[in-house]
Amino acid sequence: METQYDIVIVGGGPAGLTAAIYARRAGRSVLLLEKEGFGGQIASSPRVENYPGLPGISGAALSDKLFSQAEALGARLELEEVQSIQDGSLKTVTTDYGSYRCKALILATGMKRRTLGLSGEETLQGVSWCAVCDGAFYRDSDVAVCGGGNAALQDALFLSGICHSVTVIHRRDTFRGYQMLLEELRRCPNVSFRMNTTVDALLGETALTGLSLRDAVTGKVSALPVSALFEAVGQLPQRTPAETLLPLDDAGFIPSGEGCRTPVSGVFSAGDCRVKEVRQLTTACADGAVAAVAAARYCQEH
Ligand code: NAP
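We now turn to the structure provided with this report. Just so you know, the residues in each chain are numbered from 1, in the order the chain's sequence is written. Thresholds applied to this predicted model are a pLDDT of at least 70 for local features of residues and 80 or more for the giving and counting of side-chain atom pairs; totals over whole chains, interfaces and linings are not thresholded and use all residues. Derived side-chain values reflect all non-hydrogen atoms in the structure, with water molecules and hydrogen atoms excluded from consideration.

1. Quick look at the site of the ligand
Then comes step 1: Here a residue is near a molecule or strand as soon as one of its heavy atoms is found within 4 Å of it. Near the ligand you find 19 residues, and of these N50, N150, R171, R172 and R176 are the closest.
Then comes step 2: In the model, an oxygen atom of the ligand is placed 3.0 Å from a nitrogen or oxygen of the G148 main chain.
Then comes step 3: The accessible surface values rely on the Shrake-Rupley method and a 1.4 Å probe; as for residues, cover is taken only from the protein chains in view. Taken by itself the ligand offers 910 Å² of open surface, and the protein chains cover 77% of this.
Then comes step 4: Here the shell around the ligand takes three residues from helix α4 (residues 150-160), the largest share from any one element.
Then comes step 5: The residue inventory of the shell around the ligand, partitioned by class, reads five nonpolar, nine polar and five charged. Pairing of N or O atoms within 3.5 Å defines a polar contact, subject to two protein rules: one partner must be a possible hydrogen donor and the other a possible acceptor, and residues neighboring in sequence count only if both atoms are side-chain atoms. Numbering of helices and strands starts at the N terminus; helices are DSSP runs of H or I of at least 4 residues and strands are runs of E of at least 2. Side-chain classes follow a simple rule in which Ala, Val, Leu, Ile, Met, Phe, Trp, Tyr, Cys and Pro form the nonpolar group, Asp, Glu, Lys and Arg form the charged group, and the remainder, Gly included, forms the polar group.

Written out as C-alpha cells, the structure is:
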C-alpha cells in the first residue's frame, strides 16, 4: 500500500474533509487520518440550521455527504490515530497502523468537549456529552442539560422531543446561544430553565438519580431528580502529537495566519484547532479550502 502522499490531513471533521476535497481537486495525492469518526463533532449535531444551502440537514447526513464527496474524488480516508509527527524535507506521520510520508501536512484536529469535573462524572450511568447518541436511552424520562451556548440549546431542543421533561441549567442569567434557538426552546412545554445555577454534585450510586444544584445568587442548595445529565459546557482544543512540532497559544490552539500557514514550513492548520475568532461549521470548511490550496501550492513549489 502506498505510504507517501503529497498531503496528509490529520482530522476528519468538516475542516479536514473539505481540505481533502480541495486538495484532490488540485490534483494532489491525499491521505486523511481520523481517530474516531468521520464528520467530527458535527456528526452528533441533531440539526444544522446555519450551513448555507442545506438548512435543517442532520449533522450525520452532512458528514456522510462530505465523506462521500472526498472519497469519490480519490482521497484515501483512514480511521487511524496519529501517534507522532516528525518534520523534515518530507514529514513523517506515524499512526497506530503504520508510517506515512508527505510533503505537506494539514492539521484539522478540532476540539473536544469540556467536562464539569464532578465526582462520578466518568463512571455514573446517565452522564453524557452527546444528546443525539444517548438521548434515546432516556425516552420519557426527566433529564437535564447543563450549559448556555448553542450546543446546550440544541441538545435541549432535541431532548424535548424524546424525554418527559428537560431542565436547562445555566450558571448565568443570559444565554450565549442564538436567540432563535432560545425562542424555539421557550415554546416547548416540557422545557424549564434554572438560571444562575451550577451543578454541585451528581447523585446516585451506579446510575444518576439526581443533581445537587446551587443557586449562584442566594447560595441555596436544592436537589433535582433526573435520570440523565447532558453536559454541553463548551470545548477545549484536542491535544495531538502536533504539539511537539508547533508553538501553541496559552489555551492550546494552533497559531496560523491568513492562508492557514503555521510557523513550521509545510504545516497548515484548519478549523476549530486554529487560533481564530469564529468557530463555526462554515468557517471550518472555509479554513479547509484555504489550507488545502496553500498546501497544494507548497507541494508545487517544493
Ligand atoms: P460555548 O458557546 O463556549 O458555550 C459553553 C457554555 O457552557 C457557556 O454558556 C458557558 O457559560 C458554559 N460553561 C462553560 N464552562 C462551564 C462550567 N464549568 N460550568 C457551567 N457552565 C459552563 O460552547 P458550545 O455551545 O459547545 O459551542 C461551541 C461553538 O460551536 C460556538 O461557537 C457555538 O456557536 C458553535 N455551535 C454552533 C451551533 C449552531 O450554529 N447551531 C451549534 C452548536 C455549537 P458562560 O456562558 O457563562 O460562559
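2. Side note on the sheet that holds strand β15 (residues 228-231)
Then comes step 1: On the basis of which strands lie adjacent, the open sheet formed by five strands has the order β8-β15-β9-β10-β11 and parallel pairing. Edge positions in the sheet fall to β8 (127-128) and β11 (191-194), since each has one partner strand and no second.
Then comes step 2: Strand pairing is assigned whenever DSSP detects at least two bridges linking the two strands. Bridge analysis of strand β9 (residues 142-146) against strand β10 (residues 165-169) gives five bridges, and the strand direction is parallel. Directly across from A144, in β10, lies its bridge partner T167.
Then comes step 3: In the packing of α4 onto the sheet, contacts are made with β9, β10, β11 and β15, and the angle to β9 comes to roughly 165°. Throughout, a contact is declared for two residues whenever any of their heavy atoms are within 4.5 Å. What counts as an axis is a line fitted to C-alpha atoms, over the stretch in contact for a helix, and the angles between N-to-C directions run from 0 to 180 degrees.

3. Some remarks on the pairing of β9
Then comes step 1: Partly exposed residues are those whose accessible area sits between 20% and 50% of the maximum for their type, while under 20% is buried and over 50% is exposed, using a 1.4 Å probe and protein chains only. With four of five residues buried, β9 lies mostly within the body of the structure.
Then comes step 2: Once you follow β9 into α4 and on to β10, the crossover reads as right-handed. Place the viewer so that the strands point away; then a crossover is right-handed whenever the path from the first strand over the helix to the second strand goes clockwise.

4. A look at the pairing of strand β1 (residues 4-10)
The side chains of a regular strand alternate between the sheet's two faces.
Then comes step 1: Of all seven residues in β1, six are buried; the element is thus mostly enclosed.
Then comes step 2: Of the strand pairs in this sheet, β1 and strand β6 (residues 99-107) are connected by six bridges, and their pairing is parallel. Directly across from I9, in β6, lies its bridge partner I106.
Then comes step 3: Sheet topology note: the β1/strand β2 (residues 30-34) ladder contains four bridges and is parallel. Counterpart to V8 in the pairing with β2 is L31.

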